[in-house]
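Close look at the chain arrangement
As a plain string of letters, each chain reads:
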Amino acid sequence: MRYTFIFLASTFSCAYGQQIYDVFTTTWDRASLFTYKNLSPSPINFQSGVAAGDAVINLTPDTVYQTMDGFGATLTDSSAQLMYNMKTAASQNYWDLLGYLFDIGDGKQSAGFSSLRIPIGASDFSPSAYSWDDTSGDTSLSQFNTNSVPSYVWTVLADIKGIQPSIKLYVLPWSPPGWMKDSGTMKGGSLQSQYFTTYANYLLKAVQAFGSKGYSVYALSLQNEPLNSNPTYPSATLTSANAATIGQTLRGLLNSNGLSSVKLIGYEHNWDNTAYPMDVMGKAGSSFAGASFHCYAGSVGAQTTFHNAFPNAEVHFTECSGTIGSDWWSDIKWDMDNLVVGAPQNWARTVMTWALALDGSGNPKLPGTNSCSGSGCRGVVTIANNAWSVNQEFYALAQGSRAILPKDAGGPWGQRIASSVSGNLSWALRVNAFVTKRTASSDWPRYSIVVLNWNDNTNGSWNPQPVKATINFKGVTAAYTFPVGVTTLWWYGAP
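The rules behind the values
Residues numbered from 1 in each chain as written. Predicted model: local features only at pLDDT ≥ 70, side-chain atom pairs only at ≥ 80, totals over all residues. Heavy atoms only, no water. Disulfide = S-S within 2.5 Å. Buried < 20%, exposed > 50% of the residue type's maximum accessible area, 1.4 Å probe, protein only. Pairing = 2+ DSSP bridges. Helix = DSSP H or I, 4+ residues; strand = E, 2+ residues; numbered from the N terminus. 1 Å grid on protein atoms, 1.4 Å probe; cavity = no way out; pocket = protein on both sides within 12 Å on 5 of 7 lines; lining within 4 Å. Points joined across faces, edges and corners; volume = space filled by probe spheres on them. Nonpolar A, V, L, I, M, F, W, Y, C, P; charged D, E, K, R; others polar.

**Examining the state of the cysteines**
Applying the stated rule across the entire model yields 2 disulfides. What pairs with Cys372 in a disulfide is Cys377, and their sulfur atoms sit 1.8 Å apart. Looking down the S-S bond of the Cys372 and Cys377 bridge, the torsion is -80°, so its handedness is left-handed. Overall, Cys372 belongs to the buried group, its relative accessible area being 17%. For Cys377, a relative accessible area of 10% gives the class buried. If the cysteines joined by disulfides in the protein are listed in sequence order, their pairing comes out as 1-2, 3-4.

Rendered as structure tokens:
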């Protein structure tokens, strides 16, 4: 599959007033799959006197919430291995995939993923269990190095950055080095208190190691899923009190080493526990930028519970995995409801899923791990026989990502704005809305909405039906019929 260039008539729409030209659509029947349509020469006008639709999308553009950092996934060792193998065997396929995933250029039919999560050391999707200092008792960290990282990880990361130089890297360990833990191994156990300061220095060195290779770290977390200890793959428990203690030390180390811009993120686990991140923020709020959440237990509203307790803290959503063999359209609905629409509506600045790429069986995994048991985890991309295809997670993320990308090169990212849905079919639409401001104050901002129409049954019987809707914006209205599926559309409005 080759991603294509698009000439967007919306580039010139400002001259003609508030009109919708640009639409991306993914439909339930897969007739459209992240399909772009330019409505020129017949754009949809915002105007007075438009009768209300069955659903009415009400936008309040002056009520502006968080800036979005972007959508993306996790570059595991396994993901990088599959991608690198494709590069060596079928390089054009590889470069087509990278462009389709990461090109944020205006006018491109690409997802424009702008956030990438990267393990520090091994995860459950690595060839072996390794850290960045496996020399037992090396409290001076004199043997710290990245030599155990498979070289293909750095190759793929460099290529991604070549496509998307502003990619935001979110880095974190699945485990401290085994010798720092009570288990003596990367697989399960807990960090011992005598190594708290050593561990903080270990994470500082990790950030510096990325920098020495030309990568600025955007955000750093202390521990992936700190309530999980699994003896079959790198993992570790870390209490909220200990996380606060280590975080305070690490924040000081980062600041004193010219890395004050690196965000320190707490928690990194499921929605079902808000007590942990609240305790971290209560004890060490000046050291942490905020907290991140995963989807495997609880509900997305937990993010708002955390936000209400700490309104100045950032919220990030950083992991959720698809399952091989699950229903495509049901997954799209869930992902849109909970992640692409739900997570930002509950204050998330990032929306990232699990493995960027896996094969059709959910491999390769760490030998002996029970992670992703059953039918297996599904990557955003499936790579097989040196070819690639994208899965339902891609389509959900891509539809959201295109709504928040900068209009101008190096310009501002999208910010969530207030929206609501009324009318007799208000239940049929899930809506998120954004404004992307411009580099020049005289240029019109771009407004966008991402809409899930899940009106697919009547009294329990399958019956997908489009929804005739109207969009109220700054005193004028546009009419649009949303097919069952996901639609992203945008227009330009006067500042």
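**Points about the sheet that holds strand S21 (residues 387–390)**
As a general point, the strands of a sheet are linked pairwise by backbone hydrogen bonds and lie either parallel or antiparallel. Spatial strand order, S18-S20-S21: 3 strands in an open sheet with mixed pairing. Unpaired on one side and paired on the other, strand S18 (357–358) and S21 mark the two borders of the sheet. Here 2 bridges tie S18 to strand S20 (residues 381–384), and the two strands are oriented parallel to one another. If you follow Leu358 over to S20, its bridge partner there is Thr382.

**So, the environment of Ala409**
Along the chain, Ala409 turns up in the loop between helix H10 (392–401) and strand S22 (415–422). By relative accessible area, which is 83% here, Ala409 ends up exposed. Distance in space between the C-alpha atoms of Ala409 and Met352 is 23 Å, their sequence separation being 57 residues.

**Remarks on unusual backbone geometry**
Of the consecutive residues Ser40 and Pro41, the connecting peptide bond is found in the cis state with omega at 10°. Residue placement: Pro41 occurs in the loop between strand S3 (35–38) and strand S4 (44–45). For the peptide bond that leads from Asn363 to Pro364, omega is 0°, which places it in the cis range. Examined against the element boundaries, Pro364 turns out to sit in the loop between S18 and strand S19 (377–378). Phi at Tyr267 is positive, roughly 80°, even though this residue is not glycine. In this structure, Tyr267 sits in strand S13 (residues 263–270). The class for Tyr267 is buried, based on a relative accessible area of 4%.

**Quick notes on the layout of surface pockets**
In this structure, the largest pocket encloses a volume near 290 Å³. As for the largest pocket, its lining consists of 18 residues, of which Tyr296, Glu319, Ser371, Cys372 and Cys377 are closest to the centre. Put simply, the second largest pocket is a space of about 150 Å³. Lining the second largest pocket we find Cys320, Ser321, Gly322, Thr323, Ser326, Asp331, Trp334, Asp335, Leu339, Thr353, Arg378 and Glu393. If you list the elements that add at least two residues to the lining of the second largest pocket, you get strand S16 (322–323) and helix H8 (328–340). With 4 residues, H8 is the largest single contributor of residues to the lining of the second largest pocket. In the lining of the second largest pocket, the residues fall into 3 nonpolar, 5 polar and 4 charged.

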